[in-house]
Amino acid sequence: MLVSTQWLKEWVSFYFEIEQLAHRLTMSGLEVDSASKLSQCDENVVIGQVISVKPHPKSDRLSVCRVEVGGADELQIVCGAPNVVAGGKYPVAPVGSKLKNQMIENIDFRSVPSQGMLCSGAELELDDAVDGLMELNPNAPLGISLNTYLQRDDYVLDLELTPNRADCLSIRGVAREIAILEQTSLKQRREPSIPARSDSCIPVDVKSPADCPVFCTRVIENFQSDAVTPDWMKQRLERVGLRSIHPIVDITNYVMIELGQPMHAFDTDVIDASKIIVRHSKAGESLSLLDGERLTLGDGVLMINDHKGPIALAGVMGGEASAIQRSSTNIMLEAAFFSPDAIRRSVSRFGMHTDASHRFERGVDPTGQRAAIERATELIIEIAGGVPGPVQETRFEEHIQKNGHCYVRYARVNRVLGLDISYSEVESILLAVNKSVARCDDDYGWYVISPSWRFDLGEEHDMIEEVARIYGYDKVPSRTQFESGLHRNLSEKSISTQSLGEALHSLGYHEAITYSFVDPALQEKFDSSGNASRLANPIAENLSVMRTSMWPGLVGSFLENYRRSKESIRLYEIGRVFLPDEEVNILGGLCYGNMVPTQWGAQSRQVDFFDLKGDLERLAELSDQAKCMEFKPERIEGLHPWRSAGIYLEGDRIGSAGQLHPDILDEVNSSEAIYVFEIKFEALLSKNLIKYMTISKYPSVIRDISLVIDADQRVSDIESTIRSCGGNDLESATLFDVYCEIDAGNNFKSVAYRLVYRSNYRTLTDSEVDTSIKKILDQLNQKHNANLRV
């Protein structure tokens, strides 16, 4: 929401600097994203009127103009703009002015002297138009500074409003908020009430009162079709992000920004003026909108219709056929209160967001429609004339949300906020915010009725929040309170989430926080079952299903970093996945790029599966479960068929890991491998108790064995057999070499293990170790067809 401070000052008086205003609004919950000062031209640039235009004697493209600027003397200015005409008013930069750091001087254009310059908006750095002079209103006063006339001494605030503060989607709403913060009142303004000068009206039939509880119209006839929007209105609309289109359209937009009530104008000469009908659409109906798009409506869309059919998509956009044209002289103004749910359904169905729908979705004041009609009528008669008919208002009070009301207890205010605000100060804040505040002596509190424009105020806690907001969040003291029973002590058998996070950070991972809803196309790559829950009203089409895996969100975060040329990316996230029958907490991770930063002391290489496996084993070491963790080759959807594995802990499958499938790598335009993992989070939180053992004082015996095994034999199975047959004196069995090219067919591979024997009670003999080695080799041959390599 863009807001002009000059426009605000018509509604409320404030005297602090723009930075202070932005701070006060932000601290009250109306976040000011930026406060921009309007660009200004040189103060010497004034408003001038061209008296005459003659062709240049030596140029076909130039004209010689006599220009009056309010004084006794006239200026002769040579101009090349195609739109200069006698009688037109334009900005004039006389000699001595400065435009774009260039001084205007007396110059001869092919022997014809020029005493200044007629200016375009681009030359004045006020707009981007470069196709001619900046045309001013015929009523613009001669000789005054252009900055003064256009009121360029102004700031524009960009407000980021939360959905509950629809009341501040207007100048009046923001001014009302400033008045509350400054403990003052809005300026007294005359509420227009334009009497009818004709009996012209169009009957209205509201067939969907639940979705349209208020519908207000007025017919205005015989306004001037050649009227133009005044410059002051054009400038104000421009500052809040709207462009001038037509005087009537500009006026409805102006009232929407000023009062927060969207309006629409229909050309009564092209619609069937016998009756206006507000109803839901029927199957087979269609409507061409103002932007040229043609909608097939279907059932249940709230529409404004005449007897011929739909003429507007209610609360969103008008129809092309009934739009105001340059030749229009008769119109019907419409201001309504539409149900926010009805407008949200239309917006969601057609994917259309407009300034009007933005306000209706959040809720407009259901008492403000007549006032908007009267204000628009006042401006139309002032700018274009016309004969107004009576205001027609159709209301269904039973379908209008009643003002919120509740009891507010003084003692509870301070107890909830942890403050000590005086009774009188709480009461003054409640009086400033609400429509009615009555003391309740028996309860030492108040009975409060909220205003019609604050849909979010209805319960006692809402009022307490308002007290905190207006009192000032920055006045709340910073202190930490500790209470017994708030902190849970972890047992020796538990690992904290913080410890897991610290371990991952030490391995170079950064935490990612992604949406629980993901792109269905990307989700399909990892889960083609189609069981993902689809959102009924997603915020975007690419965020429309609940995730069944952490990988789609992590891949999205990877892309954000990859596009910024990151050489190494390691991410993890702890979150919930939504399976058809349950929700599971998952630790997911992703790694990509260089194993170590580029440097002179180490050769650069890309991360591989074994780096990822090592990271997971490091996590398992926190709970002393690394020896129980196994990685078994499996085909996993979304991963490379030969570079993926299931993760098992003491025989239970707890997750999976591997390289992303090449098809997914192609889609994300990655030339290097990306590795991912997922583990059930709770599986890492259980810790084995440490068992202490004495250190043997006897020497070890070391034997190396090299085995020839099948190429597809898992070395973890070999190691398991070695440990089970090695006896109590086998201290460790470590794989230290793998050689795959031992024959031309590559059907076998060689693996080498170092076995370390040590006893806690005596020195082992060679014969004892040889006996154990023979037993191991026999079992390896029987179970795995493994033979000693010679």
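First things first, this report covers the structure right here in the doc. (Residues numbered from 1 in each chain as written. Predicted model: local features only at pLDDT ≥ 70, side-chain atom pairs only at ≥ 80, totals over all residues. Heavy atoms only, no water.)

### Focus on helix α16 (residues 609-622)
With 14 residues, α16 should cover 20 Å at 1.5 Å per step; its first-to-last C-alpha distance of 21 Å lies within 8% of that length. Among the residues making up α16, those that are buried are F609, D611, L612, D615, L616, L619 and A620. The N-cap of α16, judged by a side-chain oxygen 3.1 Å from the amide nitrogen of F610 a few residues on, is D608. Two residues or fewer past α16, D624 is found with a positive phi of approximately 60°. (Helix = DSSP H or I, 4+ residues; strand = E, 2+ residues; numbered from the N terminus. Expected span 1.5 Å × (residues − 1). Buried < 20%, exposed > 50% of the residue type's maximum accessible area, 1.4 Å probe, protein only. Polar contact = N/O pair within 3.5 Å; in protein donor to acceptor, adjacent residues only side chain to side chain.)

### Remarks on the side chain of S4
The residue S4 is located in strand β1 (residues 2-4) in this model. A polar side-chain atom of S4 sits 2.5 Å from a polar atom in the side chain of D154. In this structure S4 touches D154, Y155 and I171, once residues within four positions along its chain are discounted. (Contact = heavy atoms within 4.5 Å.)

### Brief notes about the side chain of S623
By the secondary structure assignment, S623 is in the loop between α16 and β33 (629-633). Residue classification places S623 among the buried positions, given a relative accessible area of 0%. A polar atom in the side chain of S623 sits 2.6 Å from the side chain of Q625. Setting aside its immediate chain neighbours within four residues, S623 contacts I495, L684, S686, K687 and N688.

### A short note on the packing of helix α13 (residues 497-506) against α16
Contact geometry of α13 with α16 gives a least axis separation of 10 Å together with a crossing angle of 145°. Note that α13 runs across α16; the crossing there is right-handed. On the side of α13, the interface is formed by S499, L500, A503, L504 and S506, while α16 contributes R618, L619 and L622. (Axes fitted to C-alpha atoms, helices over the stretch in contact; angles between N-to-C directions. Left-handed = near helix turned anticlockwise from the far one by under 90°.)

### Examining the nonpolar core
With 75 residues, the main nonpolar core has L25, I331, L333, L430 and W446 as its most contacted residues. Ignoring anything within four residues of it in the chain, the contact list for I331 reads R218, V219, I220, F223, I248, A265, F266, T268, I324 and I380. Counting 37 residues, the second-largest nonpolar core is a separate cluster that includes I202, C212, L297 and F337. (Core = buried A, V, L, I, M, F, W, Y, C linked by side-chain atoms within 4.5 Å.)

### Digging into the packing of aromatic side chains
Enumeration according to the criterion identifies 19 aromatic pairs in this entry. Between F337 and F455 the ring centres are 6.5 Å apart and the planes differ by 20°, which places this aromatic pair in the stacked class. Linking F337 in strand β22 (residues 331-337) with F455 in the loop between β27 (445-449) and α12 (460-471), this pair joins segments that are 118 residues apart in sequence. Taken together through their ring pairs, the aromatic side chains of Y410, Y423, Y444 and W446 make up a single cluster. When the ring centre of W642 is taken as origin, the NZ or CZ atom of R635, which lies over that ring, is 4.3 Å away. Its guanidinium or amino end placed over the ring of F736, R754 lies 5.6 Å from that ring's centre, counting from NZ or CZ. (Phe/Tyr/Trp six-rings, centres within 6.5 Å; stacked < 30°, edge-to-face > 60°. Lys NZ or Arg CZ within 6 Å of the ring centre and 35° of its normal.)

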